[in-house]
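# An overview of the molecular structure
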Amino acid sequence: MTISIVYGKTENVINNLSGMDIRLNQEEMENYNRFRFPNDQRDYLAAHLLARYCIHHLTGVAIHEIELTQHCATCGGNHGKPEVMHPATTFVSWSHTSGYVASISAHKPVGIDIEKMGAVLDSAFGDSFLSSLEREAISLAEGDEISSTLYKLWVKKESIIKLGLFRIDELRDICLASSNPFYSHNRKKYAFIDIHSNPLMGAAVYEIEDGAIEKVSLTHL
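Structure report, in brief.

### Examining helix α3 (residues 38-59)
Between the first and last C-alpha of α3 there are 32 Å, a value that for 22 residues agrees with the 32 Å anticipated at 1.5 Å per step. Just downstream of α3, G60 is the residue with a positive phi angle, here 80°.

### Here we look at the packing of helix α2 (residues 26-34) against α3
It is the contact of α2 with α3, at a shortest axis distance of 8 Å, that shows an interaxial angle of 155°. In this view, α2 runs roughly antiparallel relative to α3, as classed from their interaxial angle. α3 is crossed by α2, and the crossing has right-handed handedness. Two secondary-structure elements touch here, α2 through E28, N31, Y32 and N33 and α3 through Q41, Y44, L45, H48 and R52.

### Some words on the pattern of salt bridges
The tally for this structure, following the rule as stated, stands at 8 salt bridges. Two residues, K157 and E134, come together in a salt bridge whose shortest N-O distance is 2.6 Å. With a gap of 23 residues between them, K157 in helix α6 (residues 144-163) and E134 in helix α5 (residues 132-139) connect regions that are remote in the sequence. As far as burial versus exposure is concerned, K157 and E134 are alike and both buried. Notably, a salt bridge pairs R167 with D169, separated by 3.1 Å at the nearest N-O pair. Judged by its relative accessible area of 57%, D169 is exposed. Each of K108, E207 and E209 takes part in salt bridges that share partners, so that together they form one network.

### Considerations on the sheet that holds strand β9 (residues 200-207)
Within the open sheet, the 4 strands sit side by side as β6-β9-β8-β7. Their pairing is antiparallel. Single-partner strands in this sheet number two, and they are β6 (110-116) and β7 (182-185). Taken pair by pair, the neighbouring strands of this sheet meet at an average axis angle of 25°, ignoring direction. Strand direction decides the pairing type here: strand β8 (residues 188-197) and β9, joined by 8 bridges, are antiparallel. The partner of S197 across the bridge, within β9, is L200. Sheet strands touched by α6: β6, β7, β8 and β9. Its angle to β6, the strand with the most contacts, is close to 145°.

### Observations concerning unusual backbone geometry
Residue P87 is reached from H86 by a cis peptide bond, and omega for that bond is 0°. As for its placement among the helices and strands, P87 is situated in the loop between β3 (82-86) and β4 (91-97). Residues N198 and P199 are joined by a peptide bond in cis, for which omega reads 10°. At T89, a position not held by glycine, the phi torsion is positive, near 60°. Within the secondary structure, T89 is located in the loop between β3 and β4. For S98, which is not glycine, the phi torsion reads 40° and is therefore positive.

Parameters and conventions
Residues numbered from 1 in each chain as written. Predicted model: local features only at pLDDT ≥ 70, side-chain atom pairs only at ≥ 80, totals over all residues. Heavy atoms only, no water. Helix = DSSP H or I, 4+ residues; strand = E, 2+ residues; numbered from the N terminus. Expected span 1.5 Å × (residues − 1). Axes fitted to C-alpha atoms, helices over the stretch in contact; angles between N-to-C directions. Parallel < 35°, antiparallel > 145°, perpendicular 65-115°, else oblique. Left-handed = near helix turned anticlockwise from the far one by under 90°. Contact = heavy atoms within 4.5 Å. Salt bridge = Lys/Arg side-chain N within 4 Å of Asp/Glu carboxyl O. Buried < 20%, exposed > 50% of the residue type's maximum accessible area, 1.4 Å probe, protein only. Pairing = 2+ DSSP bridges.

So, in structure tokens, the structure goes:
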């Protein structure tokens, strides 16, 4: 299975992809216009352009033929987990944060999350999303290790949420305290791909196929 990941600064993504005739659909434009601040609009725009580029990079399908939609299972709104309408059997996830964007695409469900490491996080922040075992591990960490570990756990858990295994209010139910490099859930195994390019911290996650060889394409724009 091939996995395509592309990430970079918002401005770099927009500048690199602006000549590719990538256009947002009506639903995306409605969401774009809901953002009050221009920087947030540009992050949103870049993430959605990058998602199409990522799918194109994976499948070879022409960018203008790629169709995306979002649907919230709770309220029915045009947000929530993205779905690739064309090409079929393709999955995508994206993330954006304060001037940076990232996307992942594969032929199985995927998730990705990135965060700009600005504020220094302390153990009190972890109380909102860590499991009991993770809180014990954090209590043994010292200095800068506390903040960096919290960022790593946060993006990994968010990527699992975007994969669709849990809801956002179930972050504490996800335990990544094990030394096992894989995450297991409902008899399936998932692998993480770390994205670390200061000041960016991110993680992507995908389901492991038994006997399959994963080919990961990681592109930095």
